[in-house]
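Below, each chain spelled out in residue letters.
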Amino acid sequence: MAGGWEAGLLLSGIVLLGSCVQWLTGMGFALVAVPALVLLLGPAQGVVLANCVAGVICVVGLAGGLREVRLRAMVPLCAAAACTVPLGTWLARRLPEPVLLACMGALVTTAVLLVMRGARLPSLRGSGGAVAAGAVGGFMNSAAGVGGPPISLYALNAGWTVREFVPNALFYGVVVNAFSIAANGVPQLSTPVWGLVVAGMVVGGSIGRWLAGRVPEKQARLLVLLLALVGGLTTLGKGLWGL
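Note that this is a predicted model, so its numbers are computed, not measured.

Q: Would you mind going over the packing of helix H1 (residues 5-25) against helix H3 (residues 43-62) in detail, with residue names and values included?
A: Interaxial distance between H1 and H3 falls to 12 Å at its minimum, and their mutual angle equals 35°. Crossing of H1 over H3 shows right-handed handedness. Counted together, Leu11, Val15, Ser19, Gln22 and Trp23 of H1 and Leu49, Val53, Ile57, Val60 and Gly61 of H3 form the full contact between these two elements. Looking at the contact of H1 with H3 residue by residue, the class counts come to 7 nonpolar, 3 polar and no charged.

Q: Just give me the short version of helix H5 (residues 97-117), but keep the residues and values in it.
A: Between its terminal C-alpha atoms H5 stretches 30 Å, which fits the 30 Å expected from 21 residues at 1.5 Å a residue. Among the residues making up H5, those that are buried are Leu100, Leu101, Ala102, Met104, Gly105, Val108, Thr109, Ala111 and Val112.

Q: Kindly report on helix H6 (residues 126-144), identifying the contributing residues and their values.
A: Here H6 is 19 residues long and its end C-alpha atoms lie 26 Å apart, about the 27 Å a rise of 1.5 Å per residue gives. Burial in H6 covers these residues: Gly129, Ala130, Ala133, Gly134, Ala135, Gly137, Gly138, Met140, Asn141, Ser142, Ala143 and Ala144. Looking at the buried residues of H6, the elements they touch are helix H2 (29-41), H3, helix H4 (71-94), H5, helix H7 (148-158) and helix H8 (162-184). Gly145 sits one or two residues past H6 and shows a positive phi near 80°.

Q: So, the packing of aromatic side chains: which residues are in play, and what are the values?
A: Scanning the entire structure with this criterion turns up 0 aromatic pairs. We note Arg209 situated over the ring of Trp23; from NZ or CZ to the ring centre the distance is 5.0 Å.

Q: If you had to explain the UniProt feature "transmembrane region" (unreviewed entry) in the protein chain to someone new, which residues and values would you point to?
A: This chain's UniProt record puts "transmembrane region" (unreviewed entry) on residues 7-40, 46-66, 98-116, 169-187, 193-211 and 223-241. Taken as a whole, residues 98-116 contains 100% helix and 0% strand, while its terminal C-alpha atoms sit 27 Å from one another. In residues 193-211, helix accounts for 100% and strand for 0%; the two terminal C-alpha atoms are 27 Å from one another.

Q: Run through the nonpolar core, naming residues and quoting values.
A: Residues Leu11, Leu49 and Val53 are the most contacted members of the largest nonpolar core, which totals 34 residues. In terms of residue count, the dominant contributor to this core is H2 (8 residues). Look past the residues within four positions of Val53 in its chain and what remains in contact with it is Val15, Phe29, Val197 and Met201. The next biggest cluster of nonpolar side chains, apart from the first, holds 20 residues, and it includes Leu62, Met74, Leu77 and Trp160.

Cut-offs and rules
- Residues numbered from 1 in each chain as written.
- Predicted model: local features only at pLDDT ≥ 70, side-chain atom pairs only at ≥ 80, totals over all residues.
- Heavy atoms only, no water.
- Axes fitted to C-alpha atoms, helices over the stretch in contact; angles between N-to-C directions.
- Helix = DSSP H or I, 4+ residues; strand = E, 2+ residues; numbered from the N terminus.
- Left-handed = near helix turned anticlockwise from the far one by under 90°.
- Contact = heavy atoms within 4.5 Å.
- Nonpolar A, V, L, I, M, F, W, Y, C, P; charged D, E, K, R; others polar.
- Expected span 1.5 Å × (residues − 1).
- Buried < 20%, exposed > 50% of the residue type's maximum accessible area, 1.4 Å probe, protein only.
- Phe/Tyr/Trp six-rings, centres within 6.5 Å; stacked < 30°, edge-to-face > 60°.
- Lys NZ or Arg CZ within 6 Å of the ring centre and 35° of its normal.
- UniProt positions renumbered as here; feature names shortened; annotations may be inferred.
- Core = buried A, V, L, I, M, F, W, Y, C linked by side-chain atoms within 4.5 Å.

Encoded structure:
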């Protein structure tokens, strides 16, 4: 993989698509990209690459909205994530690959269905809900590369507006991906492949920003969730097939 141009271009295309939908809809990089990255690179490398790219996207996205972050609300979310990230890493390193693929596929599929349904859960309200969402998000981010859905559900149940949610979700993404990278390391890719990944991220972000405002947000979000659902089910199926 590290030296294969065809695989490198495919990897760049996956990152490009994920970055595009992230900038287009404000969500979706991990949901769309992680299943494909895991199938291409394997669970370990796919997750750490997703952590790296998602972290960079969150840093760039947060640059203009740092003042809008509710730091007091972020403390329990981020502190809980710090406690569960090592657990997710530990478990992912010990599970056989087919089991890990099945678990990742199941997590992505369940997360997408919950977000699509807009689940109202009393347990995700207040400080206890923040701790629960942060803990689950940290575990999922380090184990499966997908840590955003629990935070989306927490924000929904806390009554946050979209304007309130975006900068806080980006802040959480910066922190939890930093924790995950510290626990998981960085992917072992060659310099040319890293160049293709960066190019995919830049081009995808540019396309996403250009499409924003030109594509109805509701339809774009639905497309993102459907793509993520297909990816989650495919990963789940590959894992179950290998058992």
